[in-house]
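Examination of the molecular architecture
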Amino acid sequence: MAVSKALSKELGLDPDIIPRFHQTDKTSGDTARVTYAPPVPSDTIALEEHCDFGSVTVIFNQLGGLQVLEPNTRDWKYVRPQPPDAIINLGDAMVKFTGDRLYAGVHRVVRPPGDQTRMPRHSVGHFCRPNSDVKLQSLFEGEAEDNAMMADEWIAHRTRNRATANYKGPETVHASRGMEHFAEAERRSSKLEGSETVSAAP
Ligand SMILES: O=C(O)CCC(=O)C(=O)O
Ligand SMILES: [Fe+2]
């Protein structure tokens, strides 16, 4: 809530508009996930590159391994966990609400760096998603879309296209209209003005 309020305000939108789409007494596809991964070989990609489907993701990690793609490059940067602080990541829904003004970080999880390689990795994440009946479209004046999907439809659509059984190549991911497809990510990030990638070395 605090993150979406701050973002709405910074973008010159009504500060309550995005929080209003995330009411806790209404249904949504909000998900919480706890993962445990034992030490893995160096070339292991524990979680392939992707963008989260929702609006804001809150991740708590103690070990590295999470990497983010710098916009318009293929350079992966480790995101250094700084416990007890959380890592905040924006997802596709926030890109839609902000009419492509914000970027959903393309990220993946690889083997933790340095001495951490020998340690098991735990990760706790909360994936905030808009209420089920919210239309995913730009909140800026004059940018509403005729064919905008509802939040629940969007999750179903993205999940279906990302499912391994349905994966037939980059075009499949592209068809899901998600951010994993690099050309798509590039197109969107080129709309950013004066932004900086938040990344940290291991
Ligand atoms: O484990 C992490 O650090 C991130 C996991 C993640 O990106 C996800 O579950 O979508
Ligand atoms: Fe993710």
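Residues numbered from 1 in each chain as written. Chains lettered and ligands numbered in written order. Predicted model: local features only at pLDDT ≥ 70, side-chain atom pairs only at ≥ 80, totals over all residues. Heavy atoms only, no water.

Backbone hydrogen bonds are what pair the strands of a sheet, in a parallel or an antiparallel way. Spatially, the four strands line up as an open sheet ordered E2-E7-E4-E5, and their pairing is antiparallel. Each edge of the open sheet carries a strand with a single partner, namely strand E2 (45–50) and strand E5 (76–78). Neighbour-to-neighbour, the strand axes of the sheet open up by a mean angle of 25°, direction not taken into account. (Pairing = 2+ DSSP bridges. Helix = DSSP H or I, 4+ residues; strand = E, 2+ residues; numbered from the N terminus. Axes fitted to C-alpha atoms, helices over the stretch in contact; angles between N-to-C directions.)

Okay, the site of ligand 1 next. With respect to spatial proximity, the complete set of residues near ligand 1 consists of Arg-33, Leu-47, His-50, Asp-52, Ile-59, Asn-61, Leu-66, His-107, Val-109, Arg-121, Ser-123 and Phe-127. Side-chain polar atom of His-50 to an oxygen atom of ligand 1: 3.0 Å apart, as the coordinates give it. Summarising the interface, the protein chains cover 93% of the accessible area of ligand 1, which totals 290 Å² for the free molecule. Considering each element in turn, the shell around ligand 1 owes the most residues, three residues, to strand E8 (residues 121–128). Its residues assigned to classes, the shell around ligand 1 comprises five nonpolar, four polar and three charged. (Near = heavy atom within 4 Å. Polar contact = N/O pair within 3.5 Å; in protein donor to acceptor, adjacent residues only side chain to side chain. Areas by Shrake-Rupley, 256 points an atom, 1.4 Å probe, with all protein chains shown as cover. Nonpolar A, V, L, I, M, F, W, Y, C, P; charged D, E, K, R; others polar.)

Before going further, it helps to spend a moment on the coordination of the iron ion (ligand 2). Octahedral metals with six donors have ideal donor angles of 90 or 180 degrees. Tetrahedral metals with four donors have an ideal donor angle of 109.5 degrees. At this site the iron ion (ligand 2) is bound by His-50 (NE2), Asp-52 (OD) and His-107 (NE2), with donor distances of 2.1 to 2.2 Å. Counting residues between consecutive donors of the iron ion (ligand 2) along the chain gives the motif H-x1-D-x54-H. You'll find His-50 and Asp-52 in the same group, each marked buried. (Donors = N, O, S within 2.8 Å, 3.2 Å for Na, K, Ca; no water. Buried < 20%, exposed > 50% of the residue type's maximum accessible area, 1.4 Å probe, protein only.)

Here the focus is the pairing of strand E4 (residues 66–69). Every second residue of E4 is oriented toward a common face, with Leu-66 and Val-68 on one face and Gln-67 and Leu-69 on the other, all of them buried. Bridging between E4 and strand E7 (residues 107–110) involves three bridges; their strand directions are antiparallel. For Gln-67, the partnering residue across the bridge sits in E7 and is Arg-108. Two strands pair when backbone bridges link them, and E4 and E5 are joined in this way by three bridges, in the antiparallel orientation. The residue bridging Leu-69 from the neighbouring strand is Trp-76, located in E5. What sits between the antiparallel neighbours E4 and E5 is a turn of six residues, in which Asn-72 has the positive phi angle 65°.

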